[in-house]
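Observations on the model geometry
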Amino acid sequence: QSGGNFYETLALLGFYIFAVLSALILHEVAHGLVAYWCGDPSAKFAGRLSLNPARHLDGMGTVCFLLFGFGWAMPVPINPNNFKNRKSGCILVSLAGISVNLLLAFIASLFYVLTIGTIWEYLFVYMMLFNIVLATFNLLPIAPLDGFNLIETLFPNSSYLRFMRQNRLVTLIILLVIIYFTDVLGIMQNWLCSLFLDFWDLFL
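Let me begin by describing the structure that accompanies this report.

The rules behind the values
Residues numbered from 1 in each chain as written. Predicted model: local features only at pLDDT ≥ 70, side-chain atom pairs only at ≥ 80, totals over all residues. Heavy atoms only, no water. Helix = DSSP H or I, 4+ residues; strand = E, 2+ residues; numbered from the N terminus. Rg over C-alpha atoms; globule rule 2.2 N^0.38 Å. Buried < 20%, exposed > 50% of the residue type's maximum accessible area, 1.4 Å probe, protein only. Contact = heavy atoms within 4.5 Å. Areas by Shrake-Rupley, 256 points an atom, 1.4 Å probe, with all protein chains shown as cover. Lys, Arg positive; Asp, Glu negative; His and termini not counted. Charge placed at Lys NZ, Arg CZ, Asp CG, Glu CD. Axes fitted to C-alpha atoms, helices over the stretch in contact; angles between N-to-C directions. Parallel < 35°, antiparallel > 145°, perpendicular 65-115°, else oblique. Left-handed = near helix turned anticlockwise from the far one by under 90°. Nonpolar A, V, L, I, M, F, W, Y, C, P; charged D, E, K, R; others polar. 1 Å grid on protein atoms, 1.4 Å probe; cavity = no way out; pocket = protein on both sides within 12 Å on 5 of 7 lines; lining within 4 Å. Points joined across faces, edges and corners; volume = space filled by probe spheres on them. Patch = residues over 30% accessible without salt bridge, like charges linked within 9 Å, V, L, I, M, F, W, Y side chains within 5 Å. Salt bridge = Lys/Arg side-chain N within 4 Å of Asp/Glu carboxyl O.

Digging into the overall build of the chain
For the chain, the helix and strand inventory stands at 9 helices and 0 strands. Its helices and strands taken in sequence order, the chain reads α-α-α-α-α-α-α-α-α from the N to the C terminus. Whereas a compact globule of 204 residues would reach a radius of gyration of roughly 17 Å, the chain reaches 18 Å, a difference of no more than 12%. Within the chain, buried positions represent 40% of all 204 residues. Long-range contacts, defined here as pairs at least 24 residues apart, represent 69% of the contacts in the chain between residues at least 6 apart. For the chain, the accessible surface area stands at approximately 11,200 Å², while carbon and sulfur atoms represent 70% of it. Put simply, the chain has 9 plus and 10 minus side-chain charges, and the middle of one group is 21 Å from the middle of the other.

Next up, the structure:
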C-alpha cells in the first residue's frame, strides 16, 4: 500500500511539474512564433522557438509558479521594427501567449472531463488550471506583462503608460496588491474554469 502511495505521489508531482513547464514554455514559444510570422526572426535566431525548457525557463519565475501558483519564463526577444506591420504585429504577439494558454486550458478541460475517476484527471486539471492562471496573470495591464504591452500598442500616449513607466516601484506594489489582497484573478480564473467545464457538459 505504501509503495502504491509513493508511486502515486511521484506521478502527481510529475503531472504538476509538466503542467507548469508546458504552460510557461508554450506561452513564450507562441510569442516567438507569431513574431516570426509577422516578420521578426529575433526569437528564431536566439533559439527560442524550441520546446527545450532550458531555453525558456527563468529560475525565479519557475520557482514562483511551482510554489505560489504564478510566475514567468524568460521573455523571448522581439524587435517590432522588423514587423511587416508594426501595430498589428505588436497586437498579435501580445495576444499570442495568452491565446495559446487559453486554448490549452480549453483542450485540457475536455480531457479532464473524460478522465475523471482515473489518476490522469490530475494531469489535465493541473494543465487547465495553470494555463488559466498564466493567461489571466498576463492580462494584467502592468509592465512587462502582455496586458501592458497591448495597452502600449493601442494607446501609446496614454497618461497611464507614462505613470507606469515612471513609477516602477508603484507598479510592483500594485501587482502584489492585486495578487495578494484582491480576488480579481481568482474571479477570472473561476469564471473561465466554469465556462470550459460547462461547455463540455452540454455535449458529454
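Considerations on the environment of W200
Position of W200 among the secondary structure elements: in helix α9 (residues 184–201). Between the C-alpha atoms of W200 and F130, which are 70 residues apart in sequence, the distance is 19 Å. When residues no more than four places from it in sequence are discounted, the contact partners of W200 are F106, S109, L110 and V113.

Focus on the packing of helix α5 (residues 120–139) against α9
A packed helix pair is summarised by two numbers, namely the angle formed by the two axes and the spacing between the axes. Put simply, α5 and α9 touch, their axes get as near as 10 Å, and they point 135° apart. Accordingly, the angle class assigned to the pair α5 and α9 is oblique. Between α5 and α9 lies a crossing whose hand is right-handed. Here α5 contributes M128, L129, I132, V133, T136, F137 and L139 to the contact with α9, which in turn contributes L185, M188, Q189, L192, C193, F196 and L197. A per-class count over the contact of α5 with α9 returns 12 nonpolar, 2 polar and no charged.

Structural notes on the layout of surface pockets
As a volume, the largest pocket reaches approximately 750 Å³. Along its surface, the largest pocket is lined by 35 residues, and P75, P144, L145, D146 and N149 are the ones closest to its centre. Among the secondary structure elements, those contributing two or more residues to the lining of the largest pocket are α1 (2–37), α4 (86–115), α5, α6 (146–154) and α8 (168–181). Take the lining of the largest pocket: its biggest share by element is 6 residues, from α8.

Comments concerning a nonpolar patch on the surface
Taken together, the side chains of V63, L67, F68, L169, L172, I173, L176, V177, Y180 and F181 present a nonpolar region at the surface, about 1,000 Å² in accessible area. Going through the elements one at a time, α3 (59–68) and α8 are the ones with two or more residues in the nonpolar patch. If one sorts the elements of the nonpolar patch by residue count, α8 sits on top with 7 residues. Its place among the elements puts L67 in helix α3. A relative accessible area of 60% means that L67 is categorised as exposed.

Everything listed here is a matter of geometry and, on its own, says nothing about what the molecule does.
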